[in-house]
Amino acid sequence: MTRTLENYIGGSWVRSSGTTLLDVKNPATGEVLAQVPLSTAGDVDQAVQAAKAAFPAWRATPPAVRARYLFKLREIFDGRRDEIAAICTSEHGKTLSESRNDFGRGVENVEHAAGIPTLMMGQNLEDVSGGIDCQTVRQPMGVFAAITPFNFPPMVPLWFLPYAIATGNTFVLKPSEQVPLTQRRIFELIHEHLGLPPGVVNLVNGGKDVVNGICTHRDVVGVSFVGSSAVAQHVYKTCGETGKRVQALGGAKNFILVTPDAERERSVANLSESIYGCSGQRCLAGSVVVGIGEAYDWVRDSLLAAAKAVVLGDGSKPGVTMGPVVSAAAKDRILSYIEKGVQEGAKLILDGRGATVEGCPDGNWIGPCIFEDVRPEMVIAKEEIFGPVACLMRAQSLDEAIELANRSPYGNAASLYTSNGKHAREFSHRIEAGMVGVNIGVAAPMAFFPFGGQKASFFGDIKAHGPTAIDFYTERKIVITRWF
Ligand code: NAD
């Protein structure tokens with residue numbers, strides 16, 4: 001019998017009150033792995049009340065003691081990297097090595113947050129006026145929530161949970177309803193081995209009713225969101241109306257620029273991985289490649305060769321380098337973009353639409369695709385496709401290429417391949433993107449640096465992880481003291 005997932009509230013697994021169940025499917029085989037309930041605002045309230053009740057004792061727990069839970073969590077995770085990677089691959093489709101990296105990047109946030117006794121220190125200054133001292137202290141605020149997307153099932157929730165609880169807040173997670181199994185297992189591990197006080201972390205499965213329940217709940221003080229820009233903007237607005245702190249990370253359309261003097265072989269290998277890794281379903285994935293001057297022809301030819309060498313298949317199988325896309329709906333959306341590109345007159349020089357994988361007739365397969373002669377006004381040049389599709393554009397100069405990239409409404413990431421330091425400097429300085437790569441195709445900041453884009457890719461002011469996580473999860477209080 002297919003199991004139905006439960007919510008984790010106040011230290012126990014509880015049935016959702018939602019009556020609608022969605023199938024969680026393996027995108028390579030179509031096998032139904034579980035059913036996930038669409039929980040209700042009532043379930044959200046139950047989780048928030050549990051988190052609220054746990055807050056006073058948890059905030060009074062010394063930071064060094066809270067840090068010890070994170071050391072322990074890191075050890076628990078370390079022994080289960082393969083297990084979590086296998087679950088991630090089964091529900092998301094990415095290859096096992098991609099899943100291991102996905103979880104590894106998440107665990108690095110647990111490691112970073114374990115430094116909370118020093119990360120959370122304030123500042124002080126003696127004699128701000130005669131005999132008067134001033135200090136800032138950082139204090140936890142209450143119940144925080146995170147709402148996460150399908151594309152990094154272990155990592156994205158771990159951008160938030162470790163910092164929220166390290167700083168003394170309590171936490172509610174709403175994982176993506178498309179990939180709830182990885183977080184189910186992570187919360188089982190927390191439940192069985194970590195010994196956290198009940199209510200410090202909670203999990204509510206579901207979709208938009210849970211999101212809206214969180215964003216309008218008066219006892220939630222702050223919300224982290226990661227997903228598409230339309231929903232990010234909705235979350236940002238709704239949280240603003242109810243006076244919450246919010247960081248909402250949105251969608252992307254990442255440009256990769258290549259100058260003629262770039263190192264050919266390694267640049268193209270790296271940019272091909274950026275475009276086709278995780279089947280193009282990374283928020284940092286390269287999407288539009290701008291070949292500058294004579295770079296255009298060799299970039300096209302080498303990218304074509306690299307794309308043809310991609311091995312499509314079930315991500316759990318050895319030798320496979322690209323898995324399926326996450327769902328039949330995602331496949332339909334990507335196919336409709338490809339159709340649109342053809343209609344708009346772009347030249348489809350590699351067509352992955354008919355791709356099949358032997359033994360997996362029910363997988364959501366799309367092979368690597370490449371469009372050339374893409375013009376900036378085309379829909380495929382402007383909108384997020386979120387699949388294995390490269391759009392090639394020409395520019396005559398670096399200036400023109402930067403201008404093309406800066407026309408995008410998005411500003412998540414951008415990369416330049418070059419051997420020229422002046423060009424690299426010019427690009428980093430002028431490009432309108434929050435995360436910039438120079439000879440790096442996936443410019444993903446490590447846990448100890450902030451993560452987030454600009455323009456339509458980010459709504460808010462305090463970015464995720466790194467030192468900014470401590471800013472997001474604490475209130476700074478100023479204490480001015482004079483002793484008579
Ligand atoms: P999505 O926006 O469909 O879903 C994200 C979350 O929002 C999920 O938990 C979902 O349940 C919820 N949701 C969906 N529709 C909603 C609605 N109408 N009202 C309220 N809540 C809703 O995104 P996705 O398809 O899961 O993930 C892919 C998107 O996430 C891409 O756009 C990608 O670029 C983006 N992403 C961005 C970053 C970043 O750092 N900027 C990182 C990862 C993914």
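What counts, and where the lines are drawn
Residues numbered from 1 in each chain as written. Predicted model: local features only at pLDDT ≥ 70, side-chain atom pairs only at ≥ 80, totals over all residues. Heavy atoms only, no water. Phe/Tyr/Trp six-rings, centres within 6.5 Å; stacked < 30°, edge-to-face > 60°. Helix = DSSP H or I, 4+ residues; strand = E, 2+ residues; numbered from the N terminus. Buried < 20%, exposed > 50% of the residue type's maximum accessible area, 1.4 Å probe, protein only. Expected span 1.5 Å × (residues − 1). Arc of directions from axis to C-beta. Contact = heavy atoms within 4.5 Å. Domains from an automatic or database assignment. Buried area = accessible area lost by both parts, 1.4 Å probe. Salt bridge = Lys/Arg side-chain N within 4 Å of Asp/Glu carboxyl O. Polar contact = N/O pair within 3.5 Å; in protein donor to acceptor, adjacent residues only side chain to side chain.

Asker: Pulling in residues and values, what's your account of the packing of aromatic side chains?
Answerer: Taken as a whole and assessed by the stated rule, the structure comprises twelve aromatic pairs. Ring geometry for phenylalanine 77 versus phenylalanine 103: centroids 5.2 Å apart, planes at 70°, classification edge-to-face. Here phenylalanine 103 lies in helix H4 (residues 96-113) and phenylalanine 77 lies in helix H2 (residues 63-78), a separation of 26 residues in the sequence. When its relative accessible area of 0% is taken as the criterion, phenylalanine 77 is described as buried. Classification of phenylalanine 103 as buried rests on a relative accessible area of 0%.

Asker: Any chance you could break down helix H13 (residues 328-344) for me, citing the residues and the numbers?
Answerer: The end-to-end C-alpha distance of H13, which contains 17 residues, comes to 24 Å, matching closely the 24 Å that a straight helix rising 1.5 Å per residue would cover. Among the residues of H13, those classed as buried are Ala330, Ile334, Tyr337, Ile338 and Gly341. Buried residues of H13, viewed axially, fall in a sector of 100°; they line one side. Residues of H13 that are exposed and point more than 90 degrees away from the buried face comprise Ala329, Asp332 and Gln343. Where H13 is buried, its residues touch strand E14 (347-350), strand E15 (369-372), helix H14 (379-382) and strand E16 (389-395). Looking at the residues trailing H13, positive phi occurs at glycine 345, about 100°.

Asker: Account for the domain arrangement of the protein chain, naming residues and giving values.
Answerer: Taken as a whole, the protein chain is organised into domain 1 (7-250 + 457-482) and domain 2 (254-438). Facing the 19 residues of domain 1 at the interface are 26 residues of domain 2. Interface of domain 1 and domain 2: buried area, both sides summed, is about 1700 Å²; carbon and sulfur atoms make up 58% of it. A per-residue breakdown of the area domain 1 buries against domain 2 is headed by Pro27, Ala28 and Ser457, which together make up 28% of the total. Along the contact surface separating domain 1 from domain 2 lie zero salt bridges. Between the two partners, domain 1 and domain 2, sit seven residue pairs in polar contact (both at pLDDT 80 or more). Every element with two or more residues in the side of domain 1 that touches domain 2 is listed here: helix H3 (81-92) and H4. Sorting elements by how many residues they give to the side of domain 1 that touches domain 2 places H3 first, with three residues.

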